[in-house]
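Structure assessment
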Amino acid sequence: MRVRTDRLSIDYSLTFLTPFHLGTGFRQGLVDRTVARDRQGRLYVPGATFKGVLRECCEQLARTYEELAEMRNLLASPHDENLALRGLGSRISMVTRIFGSQMLPGTLFFDNAHPVTTSATELPQSGESTRAAAALEEGAARQVTLYTQVRLRRLTRTAVPGALYTSEFGLRHLTFHGTIRGWLTCLPLDEQPRSPTYSLLLLLAGLHLVEQLGANKSTGKGRCRCEVLRLEINGEEYPSTEWRGWLKERLDDLVYYSTAQEEAWQ
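Counting from 1, residues in each chain are numbered in the order their sequence is written. The model is predicted, so local features are restricted to residues of pLDDT at least 70 and side-chain atom pairs to those at 80 or more, both for listing and for counting; the totals for chains, interfaces and linings are taken over all residues. Hydrogens and water molecules were not included; the side-chain quantities draw on all heavy atoms of the structure.

With that settled, consider the overall build of the protein. A run of H or I in DSSP counts as a helix once it spans at least four residues, and a run of E counts as a strand once it spans at least two, with each numbered from the N terminus. Helix and strand content of the protein: 8 helices and 8 strands. Using a 1.4 Å probe on the protein chains alone, a residue whose accessible area is under 20% of its type maximum counts as buried, one over 50% counts as exposed, and one in between counts as partly exposed. Buried positions account for 48% of the 266 residues belonging to the protein. A contact between two residues is defined here by any heavy atoms of the two lying within 4.5 Å. Taking all contacts inside the protein whose residues are at least 6 apart in sequence as the whole, residues at least 24 apart take part in 71%. Residue exposure ignores everything except the shown protein chains as possible cover, and the areas themselves are Shrake-Rupley values with a 1.4 Å probe. For the protein, the accessible surface area stands at approximately 14200 Å², while carbon and sulfur atoms represent 49% of it.

What counts as an axis is a line fitted to C-alpha atoms, over the stretch in contact for a helix, and the angles between N-to-C directions run from 0 to 180 degrees. Packing of helix α1 (residues 47-65) against helix α6 (residues 198-207) leaves a shortest axis separation of 9 Å and a crossing angle of 115 degrees. Relative to α6, the element α1 is oriented roughly perpendicular. The chirality of how α1 crosses α6 is right-handed. For the pair α1 and α6, contact is made by Phe50, Leu54, Cys57, Cys58, Leu61 and Ala62 and by Leu202, Leu203, Ala205, Gly206 and Leu207, respectively. Gly falls in the polar group here, along with every residue not listed as nonpolar (Ala, Val, Leu, Ile, Met, Phe, Trp, Tyr, Cys, Pro) or charged (Asp, Glu, Lys, Arg). Residues that form the contact of α1 with α6 fall into these classes: 10 nonpolar, 1 polar and no charged. Should an angle fall under 35 degrees it is taken as roughly parallel, and over 145 as roughly antiparallel, whereas 65 to 115 is taken as roughly perpendicular and any remaining angle as oblique. For any pair of crossing helices, the crossing counts as left-handed if the nearer helix is rotated counterclockwise from the farther one by less than a right angle, and right-handed if it is rotated clockwise.

It is worth spelling out helix α8 (residues 257-265) at this point. Within the span of α8, buried status applies to Tyr257, Ser258, Ala260 and Gln261. On an axial view of α8, the arc spanned by its buried residues comes to 160 degrees, and they lie on one face. The directions considered for the arc are those from the helix axis to the C-beta atoms.

Only the six-membered ring of Trp is used, alongside the rings of Phe and Tyr, when aromatic pairs are assigned; centres must lie within 6.5 Å, and planes under 30 degrees apart are stacked while those over 60 apart are edge-to-face, with the rest tilted. Applying the stated rule across the entire model yields 7 aromatic pairs. Residues Tyr12 and Phe50 carry aromatic rings whose centres are separated by 4.4 Å and whose planes lie at 10 degrees to one another, so their mutual orientation is stacked. With Tyr12 in strand β1 (residues 4-16) and Phe50 in helix α1, the pair connects residues that are 38 residues apart, well separated along the chain. The rings of Phe16, Phe20 and Phe176 are connected pair by pair, giving a single aromatic cluster. The cationic tip of Arg194 hangs over the ring face of Tyr238; the distance from NZ or CZ to the ring centre is 4.1 Å. As a reminder, the over-ring test applies to NZ of lysine and CZ of arginine, requiring each to be within 6 Å of the ring centre and within 35 degrees of the ring normal.

With that settled, consider a nonpolar patch on the surface. In this analysis, a patch consists of residues with relative accessible area above 30% that form no salt bridge, clustered at 9 Å for like charges and at 5 Å for the nonpolar side chains Val, Leu, Ile, Met, Phe, Trp and Tyr. Whenever a carboxyl oxygen of Asp or Glu lies within 4 Å of a side-chain nitrogen of Lys or Arg, that contact is scored as a salt bridge. Residues Val150, Leu152 and Leu164 make up a contiguous nonpolar surface patch of about 260 Å² in total accessible area. Mapped onto the elements, Val150 comes out in strand β4 (residues 144-152).

Turning next to α1. Spanning 19 residues, α1 covers 27 Å between terminal C-alpha atoms, matching the ideal 27 Å at 1.5 Å per step. Restricting attention to buried positions, one finds in α1 the residues Gly47, Phe50, Val53, Leu54, Arg55, Cys57, Cys58, Glu59, Leu61, Ala62 and Tyr65. A helix's residues, less one, multiplied by 1.5 Å, set its expected span.

Put simply, the protein has an average pLDDT of 84, and 82% of its residues get 70 or more. Confidence scores labelled pLDDT are given residue by residue by the predictor and lie between 0 and 100. Overall, residues 119-124 carries pLDDT values under 50, and its contacts beyond four positions in sequence, including any with other chains, amount to 7 contacts.

What follows concerns the packing of α6 against helix α7 (residues 240-249). It is the contact of α6 with α7, at a shortest axis distance of 10 Å, that shows an interaxial angle of 90 degrees. With respect to α7, the element α6 is oriented roughly perpendicular. In this structure, α6 uses Leu200, Leu201, Leu204 and Ala205 to contact α7, whose residues at the interface are Trp243, Trp246 and Leu247. A class-by-class count of the residues in the contact of α6 with α7 yields 7 nonpolar, no polar and no charged.

Assignment of secondary structure puts Leu251 in the loop between α7 and α8. Once the C-alpha coordinates of Leu251 and Tyr198 are considered, the two residues, 53 residues apart in sequence, prove to be 9.0 Å apart. When sequence neighbours within four positions are dropped, the list of residues in contact with Leu251 reads Tyr65, Leu201, Ala205 and Trp246.

In C-alpha cells form, the structure reads like this:
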C-alpha cells in the first residue's frame, strides 16, 4: 500500500471535572500563579499544552501496540537530541507522523481551545456548574477561583517557611472547544477509499485518553473529559458512527503498522 496524505480538521471539546490551572509563569498583584487568558481576559487552553498532553497519550497507546523494539525505542521525548539522530533515516513512527520530530516537522496545527457559551453545552445541575454558567455569561472575572496554599517538605510533611502562595484555578464544569487542522501523511489500514490511516486512528484514540491537564495533578486538579465533535477528511465530514466504529472494531489493527511500513518500503 502507498502512503496517503489527508487534509484533516478535527473539532473537540474539553470539559473540566475539577478546578484546573494552566499557568502563565507570571504573578499579578497578590496572585503568585496566574492562569492563561486571551485578550478579552477569558480563560483558554493553549494549543501547545493540549498538544503535549495528547502526544503523551498517543505515545502510551503506540507502545502498547508496537511489536518492534526499534520502533518502541523511537517513542520518546521529542527533545531527546541523541534519539532524534539515531532515528534519522529509520522508519517513521505513528507518533512522529502526527506530532513531528526534530528531523521531521509536523504538519498538524493545534489551535487554542476557547470557552463555549452556556447555550452550546449542557452542564450538570449543581451549585458549581451554575457558577460556571454564570462565569461564561458575566465575563472573565468569575471564571476563576483563588486557592492559597503552602509548600510542604516531602519527607517530614511540614510547611516550608515563607512558601505561602496564592494560585488561580479555573472553575470546574467549564467547557472549551478547540480544533486540530492540517495534513497527515501515513499508510491506510487497507485499500478501501474510506479506510483511515494508522496515524489517524491513533490520534482519535489518543484524544479520548486525555484525562488531565495543567498543574497540581497530584491533588486531583485538572481532571477533564475530551470528546471528538467533528471529523473532516479532505473536505468531507465523516459521521460519528463511522469513526466511532473504527475505534471499536479496528483499533487492534495498529499492531500491524510496522509490518505495513516495512512492506511499503520494499
